[in-house]
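Listed below, chain by chain, are the residues.
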Amino acid sequence: MERIEHRASSGGWQDVYRHRSGVLGCDMTVGVYLPPQAGRGPCPVLYWLSGLTCNEQNFITKAGAQRYAAEHGIILVAPDTSPRGDDVADDAAYDLGKGAGFYVNATREPWAKHYRMYDYVVDELPAWVEANLPATDARAVSGHSMGGHGALVIALRNPGRYRSVSAFSPIVAPSQVPWGAKAFDAYLGDDREAWKQYDAVELVKGARETLPLLVDQGDADEFLAEQLRPDLLRAACEATGHPLQLRMQPGYDHSYYFIASFIGEHVAHHARALKQTS
Ligand SMILES: N[C@@H](CCC(=O)N[C@@H](CS)C(=O)NCC(=O)O)C(=O)O
């Protein structure tokens with residue numbers, strides 16, 4: 001592994017690492033914010049999963065989360081959103097291939113060789129973090145849009161692995177919307193049963209994990225009605241009794257201006273869970 005960026009931020013350090021991913025078969029870049037408390041001992045970790053077109057830079061440069069992580073003593077880990085490299089399959093469209101890994105393990109060619117973001121985020125990345133950073137194994141997960149989908153799916157499928165979960169503008173039902181259907185058809189094939197394991201609305205219906213879901217959604221989001229559909233998550237949670245706090249935020253769009261406006265409340269939400277002694 002190699003530290004490729006190192007900048008003082010809110011009393012701690014905003015770093016970027018490059019490390020080899022055996023799961024993805026490529027080098028990956030990861031944003032790591034170390035709060036000042038990490039200089040004195042291990043800290044819990046909030047994983048952030050970004051959306052379409054993003055790499056590790058979007059969250060660390062636009063969300064302004066560092067000051068809240070410093071306040072609460074939480075490490076922020078923000079990986080790239082897909083495998084990268086000249087030998088990695090890609091598509092000309094922004095919503096497939098590089099920058100659009102959708103946090104699934106692809107089973108169809110040409111994607112299956114490298115596109116295994118589910119395993120990378122659930123297993124390999126935390127193992128790397130906990131072996132190489134001053135981190136405890138207390139984990140929380142959040143994300144935006146495609147990454148909000150990833151956060152919800154990963155928490156719902158892995159009971160006990162995360163203390164808390166939240167999402168901004170998540171794609172809650174990828175099987176039912178154009179972004180998700182396009183990606184799942186390419187990565188997983190046309191067997192819609194296989195899509196359900198990566199669909200938060202489907203997973204809520206059979207969830208063993210009862211972690212409360214915190215979701216913020218701007219009501220002026222340009223992707224709200226066609227791609228995000230928080231109404232489907234609300235209906236599924238109401239039908240099954242799954243705890244959901246869905247906050248429709250008036251006037252906010254899909255951008256990082258929205259995330260920056262509420263990230264402090266999300267970090268505080270995760271800090272409460274991460275600091276509980278288990
Ligand atoms: N119209 C956008 C669609 C992609 C988009 O809105 N991406 C969101 C996540 S779904 C994002 O975070 N973009 C990067 C940024 O705002 O920094 C584009 O083509 O870039």
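Since we're looking at a predicted model, the values are computed, not measured.

### Overview of the pairing of strand β3 (residues 26-34)
Counted residue by residue, β3 has eight buried out of nine residues, so it is predominantly covered. Bridge count between strand β2 (residues 12-21) and β3: nine bridges; the pairing is antiparallel. Looking at the pairing, tryptophan 13 lines up with leucine 34 of β3. Joining the antiparallel neighbours β2 and β3 is a turn of four residues, in which glycine 25 adopts a positive phi near 65°.

### Quick notes on the state of the cysteines
What the rule picks out here adds up to zero disulfides. Among the cysteines around cysteine 26, which has no disulfide bond, cysteine 54 carries the closest sulfur, lying 17 Å off. Since its relative accessible area comes to 4%, cysteine 26 is described here as buried.

### Regarding the pattern of salt bridges
One pass over the full model with this rule turns up 13 salt bridges. Note that glutamate 265 is salt-bridged to arginine 247, the shortest N-O span being 2.8 Å. Within this pair, whereas glutamate 265 is found in helix α10 (residues 256-274), its partner arginine 247 is found in strand β9 (residues 244-249), the two being separated by 18 residues in sequence. Judged by relative accessible area, glutamate 265 falls into the partly exposed class, the value being 40%. Shared partners join several salt bridges into a network, and the residues in it are Asp216, Arg247 and Glu265.

### Considerations on the layout of surface pockets
Estimated volume of the largest pocket: approximately 320 Å³. For the lining of the largest pocket, the secondary structure elements donating two or more residues are α1 (57-62) and α10. The element contributing the most residues to the lining of the largest pocket is α10, with three residues. Of the residues in the lining of the largest pocket, the class split is eight nonpolar, seven polar and two charged.

### Considering the environment of lysine 113
Tracing the backbone shows lysine 113 in the loop between β5 (75-79) and α3 (117-132). Judged by relative accessible area, lysine 113 falls into the exposed class, the value being 58%. Linking lysine 113 and valine 23, residues 90 residues apart in sequence, is a C-alpha distance of 9.3 Å.

### Some thoughts on the confidence of the model for the protein chain
Summarising the model, the protein chain shows a mean pLDDT of 97, and 100% of its residues fall at 70 or more. Taken over the whole predicted complex, pTM reads 0.98, whereas the ipTM for its chain interfaces reads 0.93.

### Quick notes on the environment of leucine 76
Mapped onto the elements, leucine 76 comes out in strand β5. By relative accessible area, leucine 76 is classed as buried at 5%. Counting along the chain gives 95 residues from leucine 76 to isoleucine 171, while the straight-line C-alpha distance between them is 22 Å. Those residues in contact with leucine 76 that sit more than four places away from it in its chain are Gly31, Val32, Tyr33, Leu46, Phe59, Ala65, Gln66 and Ala69.

Parameters and conventions
- Residues numbered from 1 in each chain as written.
- Predicted model: local features only at pLDDT ≥ 70, side-chain atom pairs only at ≥ 80, totals over all residues.
- Heavy atoms only, no water.
- Buried < 20%, exposed > 50% of the residue type's maximum accessible area, 1.4 Å probe, protein only.
- Helix = DSSP H or I, 4+ residues; strand = E, 2+ residues; numbered from the N terminus.
- Pairing = 2+ DSSP bridges.
- Disulfide = S-S within 2.5 Å.
- Salt bridge = Lys/Arg side-chain N within 4 Å of Asp/Glu carboxyl O.
- 1 Å grid on protein atoms, 1.4 Å probe; cavity = no way out; pocket = protein on both sides within 12 Å on 5 of 7 lines; lining within 4 Å.
- Points joined across faces, edges and corners; volume = space filled by probe spheres on them.
- Nonpolar A, V, L, I, M, F, W, Y, C, P; charged D, E, K, R; others polar.
- pLDDT = per-residue confidence, 0-100.
- Contact = heavy atoms within 4.5 Å.

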